[in-house]
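Observations on the model geometry
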2 protein chains.
Amino acid sequence: MFEQLGLIGCGLMGGSFALAAKRAGLVQRVVGYSKSPSTTARARQLGVIDIEASSALLAISGADLVLLAVPVAATESTLKAIRHLLTPATLVMDVGSTKRDVVDAALRALKENVGLFVPCHPIAGREVSGVGYADADLYAGRQLIITPIEHTLTSKVEQAAAMWRAIGCNVVHMTPEQHDTAFAAVSHLPHMIAFALMNSITGQTEGETFLSLAGPGFRDFSRIAASDPQIWRDVLIANREKVGAQLQHFQSALAKFKQCIDTGQTEELERLINHASLARAHWQKPG
Amino acid sequence: MFEQLGLIGCGLMGGSFALAAKRAGLVQRVVGYSKSPSTTARARQLGVIDIEASSALLAISGADLVLLAVPVAATESTLKAIRHLLTPATLVMDVGSTKRDVVDAALRALKENVGLFVPCHPIAGREVSGVGYADADLYAGRQLIITPIEHTLTSKVEQAAAMWRAIGCNVVHMTPEQHDTAFAAVSHLPHMIAFALMNSITGQTEGETFLSLAGPGFRDFSRIAASDPQIWRDVLIANREKVGAQLQHFQSALAKFKQCIDTGQTEELERLINHASLARAHWQKPG
């Protein structure tokens, strides 16, 4: 149980955490700060936060729990802005979609206090952004990845894990590198592909017509293309090496399809599709 | 109102049409045939069809409405197998995802009777296949594309359109070429990409681990990868030229992303993502 959550970034992710933590009785009050004063005000009006702060530092004044929910490239500057008020009793977490860059930023910003910082990534999100979509159920039933480093205090990791479990997450531990490799494959590259496909279609003269004909398959495939541009700009830049490596794997797989259709290799094409289809059906029961 | 539907292919698409047509009182009985006798038997047991036929020809004997719901490459042989029992009173339709190849197959198979054939493509489907998933609501609220050619009888087009409207479709007319170009962009290429991404991930040593970490974004993005291999093998081969052209557009768009992340062009990357994100959000309200 925490007295005060200092929330930096009152968007979808941060706002949903605040709502979930309050509902579960894990925090008594939430002091929030967003870069845009109107977002902070909106968060207060919606009851996502209890008190508006006019700076990140003020938001964490008196906080025993701090959550950074900002684009990952803002991690270092945010931690530098608040580090003077961190105490040994403070638990600091983030929700960034990349971890190696976040951990490096924390090391630079917090130095000997980096042990207070527990790098977290909840595998949840929506194609919409903003505090207006904050939802106490966003994290329920989702995985939460913790990527501690050598310096991370074990007691802080345990506190963080207990916190996320209490709002319904299944907590998984891995290294920042393992995390970034896996999510380059199953999240970052798929986002880049979805963005590129939307731009590819809208860049064509008849793009609007094409889109007017699209059905439920396209709707689901392209959903992540509507994701927040600042968040994803930072993710793709931060994890560019691993995204690049996954892109190479993907291009090789795609080239096999292209070759099959160009040369009319019906059987091999069916085998390739069958492999993908079984893997996807096996991954998760459709429902 | 039709006396008898001769259904060739008792899978998800054909079975769902039979259920919808019967529920709407548009057909009195359904005689069905599938290449696999066990599928035909299952369709009978599930009440999707009323009578099992042991051949395509027997399935359409006495039918005033014929629906082909088979992989598109089977169109020509199927039409050849049934053409001797077609009468001027018969309406023949298909549900194939490509149209130029289907129309060409119909021209070759039906010759002077090609006017009876109305090429149709309902923009509906699921990532599961088989008669067990047949659903009377599959087509409700979906678009139905009709791609008549010069020879297609106007009366048949009107009958077909009325039929699909009666089961809840919004009917759209276009040429086979327009259809195939649009669906290469919003359906065929996305399927090929989703298949390739699954194979790309499962082809890596840690692929299973990556998949175990994937979240709701990946779930939706990859859903179409579970689609039926025979159906999609035929679609990609039949529409390979237009799929290839769309692939080029996509590769150009993707290369822009790659360049931005490699060179750290943060602003341009955000602009590209923003463009995609707005286009996707504008296409359909999230919900």
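Residues numbered from 1 in each chain as written. Chains lettered and ligands numbered in written order. Predicted model: local features only at pLDDT ≥ 70, side-chain atom pairs only at ≥ 80, totals over all residues. Heavy atoms only, no water.

Between chain A and chain B, which share one sequence, the superposing operator has a rotation angle of 180 degrees and an axial displacement of 0.0 Å; the RMSD is 0.0 Å. Between the two chains, the operation in question is that of a two-fold axis. Proximity to the rotation axis, assessed at the C-alpha, singles out F221 of chain A in chain A; its C-alpha lies 1.9 Å from the axis. Mapped onto chain B, 100% of the interface residues of chain A are again interface residues, and the two copies thus contact each other with one and the same surface. (Least-squares fit on C-alpha atoms with pLDDT ≥ 70 in both. Contact = heavy atoms within 4.5 Å.)

Residue and element names in this part refer to chain A. Spatial strand order, β3-β2-β1-β4-β5-β6: 6 strands in an open sheet with parallel pairing. The open sheet is flanked by β3 (51-52) and β6 (117-118), the only strands paired with a single partner. Taken together, the 6 bridges between strand β1 (residues 2-8) and strand β2 (residues 27-33) define a ladder with parallel strand orientation. Counterpart to L7 in the pairing with β2 is G32. Those strands touched by helix α4 (residues 75-82) are β1, β4 (65-68) and β5 (91-94), and its axis lies near 155 degrees from that of β4. (Pairing = 2+ DSSP bridges. Helix = DSSP H or I, 4+ residues; strand = E, 2+ residues; numbered from the N terminus. Axes fitted to C-alpha atoms, helices over the stretch in contact; angles between N-to-C directions.)

Residues and elements named next belong to chain A. Domains assigned within chain A are domain 1 (2-174) and domain 2 (178-283). One C-alpha centre belongs to domain 1, the other to domain 2; they are set 30 Å apart. Listed by partner, the interface residues are 17 residues for domain 1 and 15 residues for domain 2. Carbon and sulfur atoms make up 66% of the area that domain 1 and domain 2 hide from each other, which totals about 1,300 Å². Summed over the shared surface of domain 1 and domain 2, the result is 1 salt bridge. Taking the shortest distance from any N to any O, the salt bridge between R223 and E127 comes out at 2.8 Å. Here the side of domain 1 that touches domain 2 is composed, by residue class, of 7 nonpolar, 5 polar and 5 charged. (Domains from an automatic or database assignment. Buried area = accessible area lost by both parts, 1.4 Å probe. Salt bridge = Lys/Arg side-chain N within 4 Å of Asp/Glu carboxyl O. Nonpolar A, V, L, I, M, F, W, Y, C, P; charged D, E, K, R; others polar.)

Here we take up the sheet that holds strand β7 (residues 120-122) of chain A. Residues and elements named next belong to chain A. Read from one edge of the open sheet, 3 strands run β7-β8-β9, paired in mixed fashion. Across the chains shown, the open sheet's two edge strands, defined by having one partner strand only, are β7 and β9 (170-173). Ignoring strand direction, the axes of neighbouring strands in this sheet form an average angle of 25 degrees. Both strand β8 (residues 143-146) and β9 contribute to a ladder of 4 bridges, which runs parallel. In the strand pairing of β9, I145 is matched with V172.

One pass over the structure, following the stated rule, counts 0 disulfides over all chains. Note on C120 of chain A: no disulfide assigned, nearest cysteine sulfur contributed by C169 of chain A at a separation of 9.4 Å. (Disulfide = S-S within 2.5 Å.)

All names here are of chain A. If you trace the backbone, D64 turns up in the loop between α3 (56-60) and β4. With relative accessibility at 17%, the residue D64 sits in the buried group. Considering only alpha carbons, one finds D64 and T181, 117 residues apart in sequence, at a separation of 32 Å. There is a polar contact of 2.9 Å between the side chain of D64 and the backbone nitrogen of Q4. (Buried < 20%, exposed > 50% of the residue type's maximum accessible area, 1.4 Å probe, protein only. Polar contact = N/O pair within 3.5 Å; in protein donor to acceptor, adjacent residues only side chain to side chain.)

All names here are of chain A. Most of β2 is tucked away: 5 of the 7 residues are buried. A crossover connection joins β1 to the parallel β2 through helix α1 (residues 12-23); in handedness this β-α-β unit is right-handed. Note: β2 against β3, 2 bridges, orientation parallel. Each residue of the ladder has a partner; that of G32, found in β3, is E52. With respect to chirality, the unit in which β2 leads through helix α2 (residues 37-45) into the neighbouring parallel β3 is right-handed. (Right-handed = clockwise from strand over helix to strand, strands pointing away.)

Using the criterion set out here, one finds 9 aromatic pairs over all chains in the structure. Relative to F218 of chain B, the ring of W283 of chain A lies with its centre 5.2 Å away and its plane at 85 degrees, an arrangement referred to as edge-to-face. In this pair, W283 of chain A is assigned in helix α12 (residues 266-283) and F218 of chain B in helix α9 (residues 216-222), connecting two distinct chains. On the accessibility criterion, F218 of chain B (2% relative accessible area) is buried. Here the aromatic cluster, defined as three or more aromatic residues joined through ring pairs, consists of F17, Y139 and W164 of chain A. (Phe/Tyr/Trp six-rings, centres within 6.5 Å; stacked < 30°, edge-to-face > 60°.)

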